[in-house]
Structure formats: structure tokens, C-alpha cells
Amino acid sequence: MKKIATTNAPAAIGPYSQAVVCGGLVYTSGQIALDPATAALAGDDIVTQTEQVMKNLDAVLTAAGSSFEKAVKTTCFLANISDFAAFNEIYGKYFTSKPARSCVAVKDLPKGALVEVEVIAEV
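So, how was this worked out
Residues numbered from 1 in each chain as written. Predicted model: local features only at pLDDT ≥ 70, side-chain atom pairs only at ≥ 80, totals over all residues. Heavy atoms only, no water. Phe/Tyr/Trp six-rings, centres within 6.5 Å; stacked < 30°, edge-to-face > 60°. Helix = DSSP H or I, 4+ residues; strand = E, 2+ residues; numbered from the N terminus. Buried < 20%, exposed > 50% of the residue type's maximum accessible area, 1.4 Å probe, protein only. Lys NZ or Arg CZ within 6 Å of the ring centre and 35° of its normal. Disulfide = S-S within 2.5 Å. Arc of directions from axis to C-beta. Pairing = 2+ DSSP bridges.

> Account for the packing of aromatic side chains, with residues named and values stated.
Following the criterion strictly, the structure yields four aromatic pairs and no others. With centroids separated by 5.4 Å and ring planes inclined at 55 degrees, the aromatic side chains of Phe68 and Tyr94 adopt a geometry described as tilted. A residue pair is termed long-range when its members are at least 10 positions apart, and Phe68 in the loop between helix H1 (46–63) and strand S4 (71–78) and Tyr94 in helix H2 (residues 84–94) qualify at 26 residues. By relative accessible area, Phe68 is classed as buried at 6%. Between Phe68 and Phe95, the aromatic rings sit 4.9 Å apart at their centres with planes inclined by 85 degrees, giving edge-to-face as the arrangement. One end of the pair, Phe68, is in the loop between H1 and S4; the other, Phe95, is in the loop between H2 and strand S5 (100–105), and 27 residues separate them in sequence. The ring of Tyr91 is capped by Arg101, whose NZ or CZ atom sits 4.5 Å from the centre of that ring.

See below:
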């Protein structure tokens, strides 16, 4: 098992790794829209936050030797299910290989984020 850490994505805000590689797969921790340079939430709308989440995931996947194209499963959390269509629009630009996915609305996300996404991908 290999722990993944990159400065191109936000540092973990708790006792966990940005990702772990095990058995030929990378398991990312959920990424919210934190700007890695400032640790502040990027924007206050679903489009801006989803774009930042995708940048963060790209950095973590790249550090693990993977990519969006190698994703096999994602889990997506939205603070408001009415953001689903706008989120889906951005998500679809990145996950063109159409991995399996779950997408649910949750009561709250860390730091007041509107979206969080985690990925399982081949390495």
C-alpha cells in the first residue's frame, strides 16, 4: 500500500491521506473545492466549486499515476440536489469514460462546501 501526497491539491484537513494506491487501484479521499495555494474555498457557486474539485482530483490522480480516463467508480456528494444539473455538466467534461457513479445530497459538507467527489481508478 502506498500513500499519495501532492502539493498540487489541498492538504488533508484531518488524519487521512489524499489517496492510497493498493492492488492496482487508487482510492482518493473526497475532494472539496479548496484552493491548494490558499486553503480557502474556491467560489460560492456549484460551477466554480465543481471546477476546483476536478482540478484537485486531477492533481491527486496524476500524483498516483492515474487519470480521469482510468476512473472506475466515483462517489459524489452535493449539499443541494437542485445543483445536480449544473454539477453534472462540469462532471461530464472530465469523466468522459463514464465510470460507475453514485451521487447523493447530504446535509452538510466540510467547510461549507457545495460539492465533494471521491474516485476509485486504475493505476
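Having put the structure on the table, let's press on.
> Mind laying out the state of the cysteines, listing which residues take part and the relevant values?
In the structure shown here, the tally under the stated rule is zero disulfides. With no disulfide of its own, Cys76 lies 4.9 Å from the sulfur of Cys103, the closest cysteine sulfur. In this structure Cys76 comes out as buried when scored by relative accessible area, which is 0%.

> Provide a residue-level description of unusual backbone geometry, including the pertinent values.
One non-glycine residue, Ala39, lies in the positive phi region at around 65 degrees. Mapped onto the fold, Ala39 is located in the loop between strand S3 (25–28) and H1. In this structure, Lys111 takes a positive phi of about 60 degrees despite not being glycine. Within the secondary structure layout, Lys111 lies in the loop between S5 and strand S6 (115–122).

> Got a sec to walk through H2? Specific residues and values, please.
All of the buried residues along H2 are Phe87, Ile90 and Tyr91. The buried residues of H2 occupy an angular sector of 100 degrees when the element is viewed end-on, so they sit on one face. Of the residues in H2, the exposed ones pointing more than 90 degrees away from the buried face are Ala85, Glu89 and Lys93.

> Before we move on, can you summarise the pairing of S3 with the specific residues and values?
Alternating positions in S3 separate cleanly, Val26 and Thr28 being buried on one face and Leu25 and Tyr27 remaining unburied on the opposite face. As paired elements, strand S2 (residues 19–22) and S3 share four bridges and run antiparallel to each other. Bridging across to S3, Ala19 finds its partner in Thr28. The hairpin formed by S2 and S3 contains two residues between the paired strands, and Gly23 there has a positive phi angle of roughly 60 degrees. By the bridge criterion, three bridges tie S3 to S6 in an arrangement that is antiparallel. Among the inter-strand pairings, Leu25 is bridged to a residue of S6, identified as Glu122.

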